[in-house]
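A look at the structure
Next come the chains, spelled out residue by residue.
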Protein chains: 2
Amino acid sequence: MNDRFETLAQQLRDDGHKLTQPRAAILHALLQTATPLSPAEIQERGQTYCADLGLVTVYRTLELLEGMQIVRAVHVADNCHGYALSTPGHTHHLVCERCHAVVEIEGCGLGEFLDSLAARTGYQITGHWLEISGLCANCQRNN
Amino acid sequence: MNDRFETLAQQLRDDGHKLTQPRAAILHALLQTATPLSPAEIQERGQTYCADLGLVTVYRTLELLEGMQIVRAVHVADNCHGYALSTPGHTHHLVCERCHAVVEIEGCGLGEFLDSLAARTGYQITGHWLEISGLCANCQRNN
DNA sequence: TCTCGTATTGAAAACGTTTTTCAGTTATAG
DNA sequence: CTATAACTGAAAAACGTTTTCAATACGAGA
């Protein structure tokens, strides 16, 4: 966890940016979550590390981190954007509709499909976003 | 085109809703586009058919149509929600990052993968969201 | 065809999220 | 330690969306 933070911090410096307390707080908040967070949630959690972290700074920092591909914006149902650290590998999420528990999934068996799609449409495919919803074992029992 | 409109109009009536001029205008606007439109765009185009179509009405009508599964909300890069007529069946979207052209895709070859996922995680899978991004043929050329 | 009740409408205002502005502060190179 | 440019928070502006409310238009029934 701490290694991961140091790596990100270094990445910032290497890119010519300062590692400020607000930014460190935001990174810590993001490192501690598995599910995407809204800017407001990030502010709230980040204030554990930097008491007067402003929402404006959260927006600016997310923009910066997104540009560096450290975070990615994902679509979430209600309030549209959440942010999560992009994981090195290729993962997707399986989310419980009831309790919002999240299972990370490696791979998706979509490779062949995407290849044929590229051939058929002439598009050069650069990425995809897959989110699967369902009921986790617990919530199935308590239905 | 006109058949399609009549079908939708009838669907509204069958569901106990009135076919008003604003609603007709919105349907016409949606029928004439291949790519998702934002509420503001729908208002703008709809005003060709109903001069004083209000934005509020666009929102309300989209909510109604979405509930009837006549339109569906899709995620678009910048301003998050666009609306397009949903085609019957199970479709996903392939969206150009540059010009936002949209190709509708039938099926996704995800069935087997989801089955094995359910077995592995104990989740009862109820749905999934897949959106693919890339560069369309045109934008590849003008890169 | 006309009348009437109700669903539906537009304007205004409220609301939440995101962006801009600006003066003060902080990280870091030297 | 100092200088300075990047960075910050607060306030206000600018969005997109929702709510409220009085006025209107649709369409069922006479």
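For the structure given in this document, a descriptive report is provided here. This one's a predicted model, so the numbers in the text were calculated from it and none came from an experiment.

Observations concerning the overall build of chain A
Helix and strand counts for chain A stand at six helices and five strands. Helices and strands appear in chain A in the N-to-C order α-α-α-α-β-β-β-β-α-β-α. Residues counted as buried form 24% of the 143 residues belonging to chain A.

Here we look at the protein's contact with DNA strand C
Taken together, 26 residues form the shell around DNA strand C, and within it Leu19(A), His17(B), Pro22(B), Gly54(B) and Thr57(B) come nearest. Taken together, the elements giving at least two residues each to the surface near DNA strand C come down to helix H3 (39–46), helix H4 (55–67) and strand E2 (80–85) of chain A together with helix H2 (21–31) and helix H4 (55–67) of chain B. Sorting elements by how many residues they give to the surface near DNA strand C places H4(B) first, with four residues. Broken down by class, the residue content of the surface near DNA strand C amounts to 10 nonpolar, 10 polar and six charged.

Looking at the protein's contact with DNA strand D
Residues in contact with DNA strand D amount to 26 residues; listed here are only the nearest, His17(A), Thr20(A), Pro22(A), Gly54(A) and Thr57(A). Within the residue set of the surface near DNA strand D, elements represented by two or more residues are helix H2 (21–31) and H4 of chain A together with helix H3 (39–46), H4 and strand E2 (80–85) of chain B. Broken down by element, the residue count for the surface near DNA strand D peaks at four residues, all from H4(A). Grouping the constituent residues of the surface near DNA strand D by class yields 10 nonpolar, 10 polar and six charged.

Things to note about the environment of Thr61(B)
All names here are of chain B. Here Thr 61 lies in helix H4. As for Thr 61 and Arg 23, which are separated by 38 residues in sequence, their C-alpha atoms are 6.7 Å apart. Excluding its chain neighbours within four sequence positions, the residues that come into contact with Thr 61 are Pro 22, Arg 23 and Ile 26.

So, the packing of H3(A) against H4(A)
Residues and elements named next belong to chain A. Where H3 meets H4, the closest approach of the two axes is 9 Å, and the angle between their N-to-C directions is 115 degrees. It follows that H3 is roughly perpendicular to H4 by the angle criterion. Pair H3 / H4 crosses with right-handed handedness. The residues of H4 that touch H3, namely those facing Pro 39, Ala 40, Ile 42, Gln 43 and Gly 46, are Leu 55, Val 58, Tyr 59 and Leu 62. Looking at side-chain class alone, the contact of H3 with H4 contains seven nonpolar, two polar and no charged residues.

What about the relation of the copies chain A and chain B?
With an RMSD of 1.4 Å, chain A superimposes on chain B once it is rotated by 175 degrees and translated 0.5 Å along the axis. Each copy turns onto its partner about a two-fold axis.

Details of the environment of Pro36(B)
If you trace the backbone, Pro36(B) turns up in the loop between H2 and H3. On a C-alpha basis, the gap between Pro36(B) and Val71(B) in space is 10.0 Å, while along the polypeptide they are 35 residues apart.

Remarks on helix H5 (residues 111–121) of chain B
The periodicity of an α-helix, 3.6 residues per turn, causes residues three or four positions apart to be oriented the same way. The element H5(B) is barely covered by neighbouring structure, given that only one of its 11 residues are classed as buried. After H5(B) finishes, the residue Gly122(B) shows a positive phi value of roughly 80 degrees.

Some points on the interface of chain A and chain B
Taken residue by residue, the interface counts 29 residues in chain A and 29 residues in chain B. Of all the secondary-structure elements, those providing two or more residues to the side of chain A that touches chain B are strand E4 (102–106), helix H5 (111–121), strand E5 (124–135) and helix H6 (137–141) of chain A. Here the side of chain A that touches chain B takes 12 residues from E5(A), the largest share from any one element.

Things to note about H3(A)
Buried within H3(A) are the following residues: Ile42(A), Gln43(A) and Gly46(A). The buried residues of H3(A) all sit within an arc of 100 degrees when viewed along its axis, so they share a single face.

Calculation notes
Residues numbered from 1 in each chain as written. Chains lettered and ligands numbered in written order. Predicted model: local features only at pLDDT ≥ 70, side-chain atom pairs only at ≥ 80, totals over all residues. Helix = DSSP H or I, 4+ residues; strand = E, 2+ residues; numbered from the N terminus. Buried ≥ 20, exposed ≤ 12 C-beta atoms within 10 Å, placed from the backbone. Near = placed C-beta within 6 Å. Nonpolar A, V, L, I, M, F, W, Y, C, P; charged D, E, K, R; others polar. Contact = placed C-beta atoms within 7 Å. Axes fitted to C-alpha atoms, helices over the stretch in contact; angles between N-to-C directions. Parallel < 35°, antiparallel > 145°, perpendicular 65-115°, else oblique. Left-handed = near helix turned anticlockwise from the far one by under 90°. Least-squares fit on C-alpha atoms with pLDDT ≥ 70 in both. Arc of directions from axis to C-beta.

Scope: geometric values only; no functional claims are made or implied.
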